[in-house]
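Below are the chains, spelled out letter by letter.
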Amino acid sequence: MRGSRAVPADRSARTSGATLPGGDVEVRRSSRRRRTVTAYRESGRTVVLIPAAFSPAEERRWVAQMVAKLQTREERRRRSLGGDDELMARARALSAAHLDGVPQPASVRWVDNQNRRWGSCTPADRTIRLSTRLRAMPEYVVDYVLVHELAHLVEPSHDARFWSLVARYPRAERARGFLEGVELGSAHGTSSAGDDDLD
Ligand SMILES: [Zn+2]
């Protein structure tokens, strides 16, 4: 740094915006990063973390590569999560593996209209619905929401017995942390009150 052309050290991230096919992309440069590039989705945007030293050409190349990689990963996930039949099979397997096969849902479906809930359950007719927003999330998070709703078939309220059932799923805590992070970062806020929401 010399003379009047000195610029502040790039300690904090600089942000620039770009739009690529597949939505908004936010590029954050970090002086702490040397070589690693990371990308993830956040509130409907794609965030790409790159080293501060990258040239504009490197930035373009890496952003395109990371966006393509995310899309491939999400596509693979959509295929493995499948439709309602696959979701039902998954719920049955989770019930058998973690809840002694006691919860037997009558139907398990994906729904588009649950913007404030990840999942819901109606114990009276043993139906479970999962928000299609979960399709973009890791499978262990989808499984957690299924286990949560399955546990409601045994215990409708969020009492101690309910949580002890949910805790049988080994990654329950981690999945709850993941969903809390998503809720904090999204305009949807936390889930609404109600006996079948996921909290
Ligand atoms: Zn619940």
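Because the structure is predicted, anything quoted here is derived from the model rather than measured.

A. Spotlight on the packing of aromatic side chains. Applying the stated rule across the entire model yields three aromatic pairs. Measuring from ring centre to ring centre gives 4.9 Å for Phe 162 and Trp 163, while their planes differ by 80°; the resulting arrangement is edge-to-face. Among the residues examined, Trp 163 registers a relative accessible area of 25% and is labelled partly exposed. The ring of Trp 118 has Arg 133 sitting right over it, with the charged end atom 4.0 Å from the ring centre. A cation sits over an aromatic face here: Arg 174 above Tyr 140, 4.4 Å from the ring centre.

B. Main features of the nonpolar core. In this structure, Leu 130, Leu 134, Tyr 144, Leu 146 and Leu 179 are the most contacted members of the largest nonpolar core, which totals 31 residues. Those elements giving two or more residues to this core turn out to be helix H2 (84-98), strand E5 (107-111), strand E7 (127-131), helix H3 (139-154), helix H4 (160-166) and helix H5 (172-185). It is H3 that contributes the most residues to this core, ten residues altogether. Core analysis: the second largest hydrophobic core is formed by eleven residues, Val 25, Val 37, Val 67 and Leu 70 among them.

C. Representation of the layout of surface pockets in the model. Looking at the largest pocket, its volume works out to about 670 Å³. Lining the largest pocket are 24 residues, and of these Arg 41, Glu 42, Ala 136, Met 137 and Val 182 sit closest to its centre. When the residues that make up the lining of the largest pocket are grouped by side-chain class, the tally is nine nonpolar, seven polar and eight charged. Domain assignment of the residues forming the lining of the largest pocket places at least three in each of domain 1 (3-78) and domain 2 (82-198).

D. The arrangement of the packing of H3 against H5 in detail. Here H3 crosses H5 at 105°, and the two axes come no closer than 9 Å. As judged from the angle between their axes, H3 and H5 are roughly perpendicular. From H3, Tyr 140, Val 141, Tyr 144 and Val 145 reach across to H5, where they touch Ala 172, Arg 174, Ala 175, Arg 176, Phe 178 and Leu 179.

The rules behind these values
- Residues numbered from 1 in each chain as written.
- Predicted model: local features only at pLDDT ≥ 70, side-chain atom pairs only at ≥ 80, totals over all residues.
- Heavy atoms only, no water.
- Phe/Tyr/Trp six-rings, centres within 6.5 Å; stacked < 30°, edge-to-face > 60°.
- Buried < 20%, exposed > 50% of the residue type's maximum accessible area, 1.4 Å probe, protein only.
- Lys NZ or Arg CZ within 6 Å of the ring centre and 35° of its normal.
- Core = buried A, V, L, I, M, F, W, Y, C linked by side-chain atoms within 4.5 Å.
- Helix = DSSP H or I, 4+ residues; strand = E, 2+ residues; numbered from the N terminus.
- 1 Å grid on protein atoms, 1.4 Å probe; cavity = no way out; pocket = protein on both sides within 12 Å on 5 of 7 lines; lining within 4 Å.
- Points joined across faces, edges and corners; volume = space filled by probe spheres on them.
- Nonpolar A, V, L, I, M, F, W, Y, C, P; charged D, E, K, R; others polar.
- Domains from an automatic or database assignment.
- Axes fitted to C-alpha atoms, helices over the stretch in contact; angles between N-to-C directions.
- Parallel < 35°, antiparallel > 145°, perpendicular 65-115°, else oblique.
- Contact = heavy atoms within 4.5 Å.

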